[in-house]
Protein chains: 2
Amino acid sequence: MNYPIKKTYNKIISTKNRGMNLEDDINLTNEYYLANNIAVIYKKPTPIQVVKVLYPARNKAMINEAYYKIPSTTDYNGIYKGRYIDFECKVTNSRTSFPLRNIHNHQINHLKNINYHGGIGFIIVYFKYYNEYFLLPYAVLKDYINNNDKKSIPYNIFKEKCFKIKEGFQPRLDYLKQVDYLLEN
Amino acid sequence: MNYPIKKTYNKIISTKNRGMNLEDDINLTNEYYLANNIAVIYKKPTPIQVVKVLYPARNKAMINEAYYKIPSTTDYNGIYKGRYIDFECKVTNSRTSFPLRNIHNHQINHLKNINYHGGIGFIIVYFKYYNEYFLLPYAVLKDYINNNDKKSIPYNIFKEKCFKIKEGFQPRLDYLKQVDYLLEN
């Protein structure tokens, strides 16, 4: 009864949920930071190209045709201890490395610009297989981008050079604790 | 031939265009800042609640039903000289004052949070009648919010306590020059 098509379907669904969970966890963490006056960090709305709008009522606009656009920046930004914070969240199924194709070129360029202007840019990477969350600083990412041979960042580099984010209850993923370590170095 | 309904229609169109022009001018200015390595400031996408998505092709998603949401933050944020920048743009037709009902309460609260964490929050106000652009710092805005009797900020307060933004060719509206004055004080 295990038709290949069913398997594929299940895989798509579960991958999607996993990504959503990381995003939800980060959103909950940001709500905690905001409520406790720790930081102001928001997820940017998904960019959507609106083509057609209907007005079913006088003051009600219903978007009838629209398309998702590719984001030109990262998903999250805000302020923490007076510093500009900017990051993207990514999930990987790989046991050995984080494939760089997960990040758009213009997102890498955006993090480069942020770094140039004195902001703190990073990527939060979730290794699903190990159930481990890492803060990948732009500086470490840059080393791998400049090395054209590499198309992914090995898992052991995360262990050695990145900051592991601990899971908790409140906040769910206290990534700003790792930003503190980043600021110290 | 001058039916009242036509007049109203014309008025709606022109008001809308005016708002769009300010936004376009700020967007062009931000592009200039980015291209010249001066600052990284983006307009956030409009938040949209997606209800229904169709898939007319295998890898093409068409949003078929969606609604505009009220933004919980301001429209623009980014980084300049290592500082977190956060602002909203508003147009007014009034000759005498800027009505505070133009700004949502949660936007004011957002600017308050930004200010608390050491960011630079402000509103760019365009007085259409005078064709004048002002940078209204959060500190000046706060004085008027705390004074419950006041429902608007008089035009002369803009003249006295705000920073006038000059129109130019490139950049179109060099508001960061006024942020420099704000940083000095």
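As the structure is a prediction and not an experimental result, all values here were calculated from the model.

*Asks:* Mind showing me how you'd approach the sheet that holds strand 1 (residues 39-43) of chain B here?
*Replies:* Within a sheet, adjacent strands bond to each other through the backbone by hydrogen bonds, running parallel or antiparallel. Residue and element names in this part refer to chain B. The strand order across the open sheet formed by six strands is 1-4-5-7-8-10, and the pairing between neighbours is mixed. A strand with exactly one partner marks an edge of an open sheet, and here the two such strands are strand 1 and strand 10 (163-165). Ignoring which end each strand starts from, the neighbouring axes of this sheet average 25° apart. Relative to strand 7 (residues 120-127), strand 5 (residues 83-92) is paired through eight bridges, and the arrangement is parallel.

*Asks:* Looking at this model, I keep getting lost on the pattern of salt bridges. Mind explaining?
*Replies:* Pairs can form between side chains of opposite charge whenever their charged atoms are close. This model, assessed by the stated rule, comprises twelve salt bridges over all chains. Here Glu132(B) and Lys164(B) are joined by a salt bridge, their closest N and O atoms 2.9 Å apart. Of this pair, Glu132(B) sits in strand 8 (residues 132-137) while Lys164(B) sits in strand 10, and the two are 32 residues apart along the sequence. Across the pair Glu167(B) and Arg172(B) runs a salt bridge, and its minimum N-O distance is 2.9 Å. In this structure, a network of salt bridges that share partners links the residues Asp25(A), Glu167(A) and Arg172(A).

*Asks:* Mind showing me how you'd approach the nonpolar core here?
*Replies:* Soluble globular proteins tend to pack their nonpolar side chains together in the buried interior. Of all hydrophobic cores here, the largest spans 23 residues; its most connected members are Ile26(B), Phe87(B), Phe122(B), Ile124(B) and Tyr175(B). Only helix 1 (4-35), strand 1, strand 4 (76-80), strand 5, strand 7, strand 8, strand 10 and helix 5 (175-184) of chain B provide two or more residues apiece to this core. In this view, Ile26(B) contacts Tyr76(B), Phe87(B), Cys89(B), Ile124(B), Leu173(B) and Tyr175(B); residues no more than four positions away in its chain are not counted. Grouped together as the second largest cluster of nonpolar side chains are 22 residues, Ile26(A), Tyr33(A), Tyr76(A) and Ile85(A) included.

*Asks:* Would you take a moment to explain the side chain of Asp86(B) for this structure?
*Replies:* For Asp86(B), the location among the structural elements is in strand 5. Each residue touching Asp86(B), except ones within four places of it in the same chain, is listed here: Thr74(B), Tyr76(B), Asn77(B), His110(B), Leu111(B), Ile114(B), Ile120(B), Gly121(B) and Phe122(B).

*Asks:* What should I look at first to understand the sheet that holds strand 2 (residues 48-57) of chain A in this one?
*Replies:* Sheet architecture is open: four strands sit in the order 2(A)-3(A)-3(B)-2(B), paired in antiparallel fashion. Where the open sheet ends on each side, the last strands, each with one partner, are strand 2 of chain A together with strand 2 (48-57) of chain B. Neighbour-to-neighbour, the strand axes of this sheet turn through a mean angle of 25°, independent of strand direction. Relative to strand 3 (residues 60-68) of chain A, strand 2 of chain A runs antiparallel, the two being bridged by seven bridges. Note on strand 3 of chain A: the bridge partner recorded for Lys52(A) is Glu65(A).

Each value, and the rule that gives it
What you see as residue numbers is a count from 1 along each chain, following the sequence as written. Lettering for chains starts from A, numbering for ligands starts from 1, and both go in the order in which the items are written. It should be noted that, the model being predicted, local features are given only for residues of pLDDT at least 70 and side-chain atom pairs only at 80 or more, the latter also being counted only at that level, while totals for whole chains, interfaces and linings use all residues. With hydrogens and water stripped out, all remaining heavy atoms of the structure feed into the side-chain values. Between any two strands, pairing holds if DSSP finds at least two bridges. Secondary structure elements follow DSSP: runs of H or I of four or more residues count as helices, runs of E of two or more count as strands, with numbering from the N terminus. Axes here refer to lines fitted to C-alpha atoms; in helices the fit is confined to the stretch in contact. Angles between the N-to-C directions go from 0 to 180 degrees. Any carboxyl oxygen of Asp or Glu within 4 Å of a side-chain nitrogen of Lys or Arg constitutes a salt bridge here. By nonpolar core we mean a set of buried residues, namely Ala, Val, Leu, Ile, Met, Phe, Trp, Tyr and Cys, connected to one another through side-chain atoms within 4.5 Å. Classification of residues uses two cut-offs on accessible area relative to the type maximum, computed with a 1.4 Å probe and protein chains only: under 20% is buried, over 50% is exposed, and between them is partly exposed. What makes two residues a contact is simply this: any of their non-hydrogen atoms within 4.5 Å.

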